[in-house]
Amino acid sequence: MALCSSSTSPELKCCCFDNLRGKNPSFNQPNQFLRIGDCYSNKGRVQVQASSQLSGHLEGSFMEKKRLQEPLSHRKLEFVRTLLIDNYDSYTYNIYQELSTINGVPPVVVRNDEWTWRDICRYLYEENAFDNIVISPGPGSPACPEDIGICLRVLLECWDVPILGVCLGHQALGYVHGADIVHAPEPVHGRLSEIEHNGDRLFHDIPSGQNSGFKVVRYHSLIIDADSLPKELIPIAWSNSADGFSYLGTLQSGEIPDAYESQSRQKILLSDISTQIKNGSYRHSIYSNRMRREVLMGIMHSTRPHYGVQFHPESIATCYGSKILRNFREITEDYWKRLRSPFVKERNVHYTGAESLLLREITRTSRSVNNSDELGREALRPRQLFCDLGDRRFGIQHSRRFEIQRSSIGVKCLKLTWRKFDHLASTVGGARNIFCELFGNNKAENTFWLDSSSTEKGRARFSFMGGKGGSLWKQVTFRLSDQSDVKFTSGGHLLIEDAEGSIERAYLEEGFFDFLDKELLSFHHEKKDYEGLPFDFYGGYIGYIGYNLKVECGAASNHHKSRTPDACFFFADNVVVIDHLYDDVYILSLNEENTPMSTWLDATEQKLIGLRASSTRQLEEQNLHAPTVSRNKSAFISEVSRGDYVNNVENCLKYIKDGESYELCLTTQLRKRIGEIDSLGLYLHLREKNPAPYAAWLSFSKEDLCICCSSPERFLRLDKNDLLEAKPIKGTIARGSTPEEDEQLKLQLQYSEKDQAENLMIVDLLRNDLGRVCEPGSVHVPNLMNVESYATVHTMVSTICGKKHSNVSAVNCVRAAFPGGSMTGAPKLRSMEILESIESCSRGIYSGSIGYFSYNRTFDLNIVIRTVVIHEGEASIGAGGAIVALSNPEDEYEEMILKSSAPAKAVMYFD
């Protein structure tokens, strides 16, 4: 990672492009190439070439006003085919989702270092496979070739293809033609600004100016210096650098972003402004106020169909974002029809649906890609399906590969039997009493409890519990190899222990997710077995995924090795389920087909019926796990001091200022040596003092490991209807000591610009992650920035949903989104790389996920926060917070302490 910048000048420079900037390369030597000098980065010497094989002016420039006013032909393109170049951003698939519905066919997504220039030329000019190009946002600067990849050459040489650059792509358009890239007056991330424009075709039928309703989301620290624009680039949109709005502030003022804009209101607005745009009133309002300190928000090339916007039209909170992308489609259609109308007919003949030469070639090469090829690894030749998800790891073709291989996997035919007991839970003492009576003996070793201990307001409904039991039970433990700190190495050691104590060891070259995916694909079952059950877990894997498994999801490396296993799961074949809504209890038993039924159902039924919620029983149960005041007065010790944590926050702010990240979720670990402790009693105390909807207890006795989790945050769920849901939390404040103070603090969180910016950035990130694996147009946000109240804190929570694509496996959905964006920041890959260099130890289980993968391929996983990990005589707690441009270092330290306080107090009181 390298930021090519100068510490003494606001202008960001890269020596390898100095001889290009401010020059117009010769257009009359088609076979010569301009050699661009060398640039050094911490990843080695990078050498870039850019061709000077450029054309001067398009014949009959399509920008001429007369042509803009000419009506389009009645014969429209049925679809528009976009090449979407991804600059390793975490919002690219939001653009993908938008373009899929607007264009009529999904774009092809390629990383900026994935295709060679020969590949680009082949598909653009030989196959005629694309109608336009979109260059995504991304971290860093266009002045650094490691950040921008092939995009500069595309902008230089593809003069005859419509191109839209977003954020970094916009800056690249300016930079490649000689404009300077400088620091913005202030970094703006997750905040909204009003936009003025000159009525250009890209902003057709979009209002302009103050109080017009055109507010956009910005994620950037760098800008194009407007004073350095060459004559061939035309400014078309601006924002006052002094403005800035929070999302909820926008709603209060009556402006509604695309996601919430009603069609009727949109039609009224568009009707009102259409005439004003045509008569040029917006153009006048911009040019008459040039003395204001404005930030360039949009540019276009004077003779090429190339555009750039600094803001993010794909954000959930941007108004008219979809309209901008639709306008770009219309610009593309108009361009090709005017330039070479015979091509349109030929194109539609040779490209019907998805049966193009591109589709056949990429499908063929995709089948040859080895499954171990990781995200971000040195690229192979083109291999995405045109209608693929555009990612070698999580795309449709990857899942089809598993489908093809399924016959070679040892298939297990599973049979589920179950019983239901109406309104039983409260009569036998509730979930706590049921767990302690059925599974609390022998220190509750080798047991699990996915515990919805906070069920009010419909946050959670079911709890799942069980222990070591039936013939299918096993424990699966995975540790990444010592080579996992080497780039793109994710292999590791797997240990499997069955119910009889037999142990099997193996080395997994492809990693744990690959193993889990194949396991789930090996199960055959009948849907009728679980018809009538109101929940989605019927038996399968329950456990945790550690944060270091990020190396199987695209992260470059792990600098710190986890002290605990990187993944640990039980295969649970006997499960007790509690329905907190109706007070029902279910017991489930899973067996292989044609094997004798176990006696577990009968035995468990007798135990449940024998339980009584008498005051005597409750008193005995409470005394069994009653906490005692700690005699061990030693406190938790943080891995970093207060001063070091504050310095780490300041380092994060520098990275954000330099455009390397929009948001960095900085964390640390607090540790305390403990003696003999009743771990289950500690968990019972924690769940009572800090109940949470996604709480969990896990005990792995062979690993000397217990996990006491009181998480309020869902990472990701996939239900039986293939619906995905994420519920990220960003924004936390302590509860008040009085009802009045509590309500005041709740409102303070609700309208905090900083917390709204944090939340919005992660919502857009999760939309991107779901967009990689969901059907086009299905990703939506039913709840944005709701405040939820818990025992000790208020939190800001959003909900993102989408319909899983039929050819994507359950595990690949997790792999596309792990680790949860609320624990990394955005863009995710670059943010994880930065955090790895700043944080002083492994996060371990913290920041990972606890939950289940059902044998019928549903799952539900939390984010591991507010959690005590007890391992080999030590209690550890992870805590941290999101660092954004508005962060105050001292306040961030206090927030970290606040988040760790509830679990820390539980240990201090109980130890």
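Per chain, residue numbering runs from 1 following the sequence as it is written. Given that the model is predicted, a residue must reach a pLDDT of at least 70 before its local features are reported, and side-chain atom pairs must reach 80 or more before they are shown or counted; all residues, however, enter totals for whole chains, interfaces and linings. Side-chain measures here rest on the full set of heavy atoms in the structure, leaving out hydrogens and waters.

Participant: Looking at this structure, I do not really get the overall build of the protein. What am I missing?
Facilitator: Only DSSP runs of H or I with at least four residues qualify as helices, and only runs of E with at least two residues qualify as strands; both kinds are numbered from the N terminus onward. Across its full length, the protein carries 23 helices and 38 strands. Burial classification: accessible surface area is computed with a 1.4 Å probe over protein chains only, and a residue below 20% of its type maximum counts as buried, one above 50% as exposed, and the rest as partly exposed. Across the 911 residues that make up the protein, the buried fraction comes to 64%. Per-residue and other accessible areas follow the Shrake-Rupley method at a 1.4 Å probe size, with only the shown protein chains counted as cover for residues. When the accessible surface of the protein is split by element, carbon and sulfur atoms take 48% of a total near 33600 Å².

Participant: Just checking my understanding: could you explain the packing of helix α13 (residues 430–439) against helix α18 (residues 679–689) for this structure?
Facilitator: Angle between the axes and distance between the axes are the two parameters that describe a pair of packed helices. Where α13 meets α18, the closest approach of the two axes is 12 Å, and the angle between their N-to-C directions is 175°. As far as their axial angle goes, α18 and α13 are roughly antiparallel. Between α13 and α18, the contacting residues are Arg-432, Phe-435 and Cys-436 on the first element and Leu-680, Leu-684, Arg-687 and Glu-688 on the second. Residue composition of the contact of α13 with α18, grouped by class: four nonpolar, no polar and three charged. Lines fitted to C-alpha atoms define the axes here, with helix axes fitted over just the stretch in contact, and angles between the N-to-C directions of these axes take values from 0 to 180 degrees. Any angle between 65 and 115 degrees counts as roughly perpendicular, while under 35 counts as roughly parallel, over 145 as roughly antiparallel, and the rest as oblique. We call two residues in contact whenever any of their non-hydrogen atoms come within 4.5 Å of each other. For this classification, the nonpolar set comprises Ala, Val, Leu, Ile, Met, Phe, Trp, Tyr, Cys and Pro, the charged set comprises Asp, Glu, Lys and Arg, and every other residue, Gly included, is treated as polar.

Participant: Just checking my understanding: could you explain unusual backbone geometry for this structure?
Facilitator: Backbone phi values are negative for most residues with the exception of glycine, while trans is the configuration of most peptide bonds. The omega torsion across Phe-818 and Pro-819 is -5°, close enough to zero to call that bond cis. Here Pro-819 lies in the loop between α21 (810–817) and β34 (825–826). Cis geometry is adopted by the peptide bond preceding Pro-827, which originates at Ala-826 and carries an omega value of -10°. Within the secondary structure, Pro-827 sits in the loop between β34 and α22 (828–838). A positive phi angle, near 65°, is found at Tyr-320, a position not held by glycine. Mapping Tyr-320 onto the fold places it in the loop between β13 (306–309) and α10 (321–350). The phi dihedral of Asn-446 is positive, around 55°, even though this residue is not glycine. With respect to the helices, strands and loops of the structure, Asn-446 is situated in the loop between α13 and β15 (447–451). A residue is classified by how much of its surface remains accessible, and Asn-446, at 10% relative accessible area, is buried.

Participant: Would you mind going over the pattern of salt bridges with me for this structure?
Facilitator: Two side chains carrying opposite charge are able to pair once their charged atoms lie near each other. Whenever a carboxyl oxygen of Asp or Glu lies within 4 Å of a side-chain nitrogen of Lys or Arg, that contact is scored as a salt bridge. Counted by the stated rule, this structure contains 45 salt bridges. The salt bridge partner of Glu-639 is Arg-563, with a shortest N-O separation of 3.9 Å. You can see Glu-639 sitting in the loop between β25 (637–638) and α17 (642–657) and its partner Arg-563 sitting in the loop between β21 (540–545) and β22 (567–572), a full 76 residues away along the chain. Since its relative accessible area comes to 30%, Glu-639 is described here as partly exposed. Residue class for Arg-563 comes out exposed when judged on its relative accessible area of 52%. Of the charged contacts, one joins Arg-642 and Glu-890 as a salt bridge, the two residues approaching to 3.0 Å between their closest N and O atoms. Separated by 248 residues along the polypeptide, Arg-642 in helix α17 and Glu-890 in helix α23 (residues 889–910) bring together distant segments of the chain.

Participant: Honestly, the packing of aromatic side chains in this entry has me stumped. Any pointers?
Facilitator: Two measures describe an aromatic ring pair: the distance that separates the ring centres and the angle between the ring planes. Paired rings are identified among Phe, Tyr and Trp, the last through its six-membered ring, by centres lying within 6.5 Å, and are further divided according to the angle between planes into stacked (under 30 degrees), edge-to-face (over 60) and tilted (the rest). With the rule as written, the count across this model stands at 39 aromatic pairs. The structure contains a cluster of three or more aromatic residues connected by ring pairs, namely Trp-418, Phe-462, Phe-464, Tyr-530, Phe-535, Phe-537, Tyr-538, Tyr-586, Tyr-852 and Tyr-855. One cation-aromatic arrangement involves Arg-111 over Tyr-88; the distance from NZ or CZ to the ring centre is 4.3 Å. Put simply, a charge is over a ring when the Lys NZ or the Arg CZ is close to the ring centre, within 6 Å, and near the line of the ring normal, within 35 degrees.

Participant: Got a minute to help me understand the nonpolar core in this structure?
Facilitator: In globular proteins that are soluble, nonpolar side chains generally tend to be buried together. Joining through side-chain atoms within 4.5 Å is the link that ties buried Ala, Val, Leu, Ile, Met, Phe, Trp, Tyr and Cys residues into a set, and such a set is a nonpolar core. Core analysis: the largest hydrophobic core is formed by 104 residues, its most contacted members being Phe-512, Tyr-541, Phe-853 and Phe-859. At eight residues, helix α20 (residues 753–771) tops the list of elements feeding residues into this core. Excluding its chain neighbours within four sequence positions, the residues that come into contact with Phe-859 are Leu-716, Arg-717, Leu-718, Leu-724, Ala-810, Cys-813, Val-814, Tyr-852 and Phe-853. In this structure, Ile-578, Leu-682, Leu-835 and Phe-910 belong to the second largest nonpolar core, which totals 58 residues.

Participant: Explain the environment of Arg-735 to me, please; I cannot follow it from the model alone.
Facilitator: Inspection of the secondary structure puts Arg-735 in the loop between β31 (729–734) and α19 (739–750). Placed eleven residues apart in sequence, Arg-735 and Lys-746 show a C-alpha to C-alpha distance of 7.8 Å. Excluding residues within four positions of it along the chain, Arg-735 makes contact with Asp-742, Leu-745, Ser-789, Tyr-790, Ala-791, Thr-792, Val-793 and His-794. Between N or O atoms, a polar contact is any pair within 3.5 Å; within protein, one atom must be a potential hydrogen donor and the other a potential acceptor, and residues adjacent in sequence are included only when both atoms are from side chains. For Arg-735, the side chain forms a polar contact with the side chain of His-794, separated by 3.3 Å.

Participant: Mind showing me how you'd approach the packing of helix α14 (residues 512–521) against α21 here?
Facilitator: At a minimum axis separation of 8 Å, α14 and α21 run at an interaxial angle of 155°. By the angle between their directions, the pair α14 and α21 is classed as roughly antiparallel. Listed contacts from α21 to Phe-513, Asp-514, Leu-516, Asp-517 and Leu-520 of α14 are Val-811, Asn-812, Val-814 and Arg-815. Partitioned by chemical class, the residues of the contact of α14 with α21 number five nonpolar, one polar and three charged.

Participant: Explain the sheet that holds strand β9 (residues 196–197) here, please?
Facilitator: What links the strands of a sheet is backbone hydrogen bonding, and the strands pair in either a parallel or an antiparallel sense. Reading across the sheet, the eight strands line up as β5-β4-β6-β7-β13-β12-β11-β9 and stay open at both edges, with mixed pairing between neighbours. Only two strands of the sheet have a single partner each, and these edge strands are β5 (108–111) and β9. Note: two strands are recorded as paired if DSSP finds a minimum of 2 bridges between them. Direction of pairing for strand β7 (residues 163–166) relative to β13: parallel, over a ladder of four bridges. The partner of Leu-164 across the bridge, within β13, is Tyr-307. Contacts from helix α2 (residues 92–103) reach β4 (82–86), β5, β6 (132–135) and β7, with the element oriented near 175° to β4. The strands touched by helix α6 (residues 168–176) within the sheet are β6, β7, β11 (233–240), β12 (294–301) and β13, with β12 carrying the most contacts at an inclination of about 70°.

Participant: Which parts of the structure should I look at to understand the side chain of Ser-315?
Facilitator: Note that Ser-315 resides in the loop between β13 and α10. Here Ser-315 falls in the buried class, since its relative accessible area comes to 4%. Discounting residues that sit within four places of it in the chain, Ser-315 has contacts with Val-217, Tyr-219, Leu-760, Asp-764 and Arg-767.

Participant: Any chance you could explain helix α15 (residues 600–610) here in plain terms?
Facilitator: Residue pairs spaced three or four apart in an α-helix point in one direction, given the helix's 3.6 residues per turn. Among the residues of α15, those classed as buried are Trp-600, Leu-601, Thr-604 and Leu-608. Seen from one end, α15 has its buried residues packed into an arc of 90°, which puts them on one side. Along its buried surface, α15 packs onto β14 (412–421), α13, β23 (574–579) and β24 (584–592). Here, the arc refers to the directions that run from the helix axis to the C-beta atoms.

Participant: Even after reading the chapter, I still don't get the environment of Cys-553, so can you show me in this structure?
Facilitator: Along the chain, the position of Cys-553 falls in the loop between β21 and β22. With 261 residues separating them in the primary sequence, Cys-553 and Val-814 have C-alpha atoms 9.0 Å apart.

Participant: Any chance you could explain the confidence of the model for the protein here in plain terms?
Facilitator: Where the model shows low pLDDT, its predicted coordinates should not be examined in detail. Per-chain confidence: the protein averages 80 in pLDDT, with 74% of residues scoring 70 or above. Residue range residues 1–75 is modelled with pLDDT below 50. Its contacts to residues more than four positions away, or to other chains, number 160 contacts. A low-confidence stretch, residues 343–409 stays under pLDDT 50, and its non-local contacts, those more than four residues away or across chains, total 170 contacts. As a per-residue quantity, pLDDT reports the predictor's confidence and falls between 0 and 100.

Participant: Where do I start with the pairing of strand β8 (residues 181–194) in this structure?
Facilitator: Along any regular strand, the residues point their side chains to alternate faces of the sheet. Buried residues dominate β8, accounting for ten of its 14 residues. As paired elements, β8 and strand β10 (residues 215–224) share nine bridges and run antiparallel to each other. Paired with Ser-193 across the bridge in β10 is Val-216.

Participant: Just to check I follow, could you spell out the side chain of Thr-667 for this structure?
Facilitator: Along the chain, the position of Thr-667 falls in strand β26 (residues 663–673). Look at Thr-667 and you get buried, because its relative accessible area is 7%. Among the polar contacts listed, one links the side chain of Thr-667 to the side chain of Arg-843, at a separation of 3.1 Å. Apart from the residues within four sequence positions on either side, Thr-667 is in contact with Tyr-645, Glu-839, Arg-843, Tyr-846, Ala-879 and Gly-880.

Participant: I tried to follow the pairing of β15 on my own but got confused; where do I start?
Facilitator: For β15, the tally of buried residues reaches five of five residues, placing the bulk of the element in the interior. Every second residue of β15 is oriented toward a common face, with Thr-447, Trp-449 and Asp-451 on one face and Phe-448 and Leu-450 on the other, all of them buried. Here β15 runs beside strand β16 (residues 462–467); their pairing, made up of four bridges, is antiparallel. Bridge pairing in β16 places Leu-450 opposite Phe-464.

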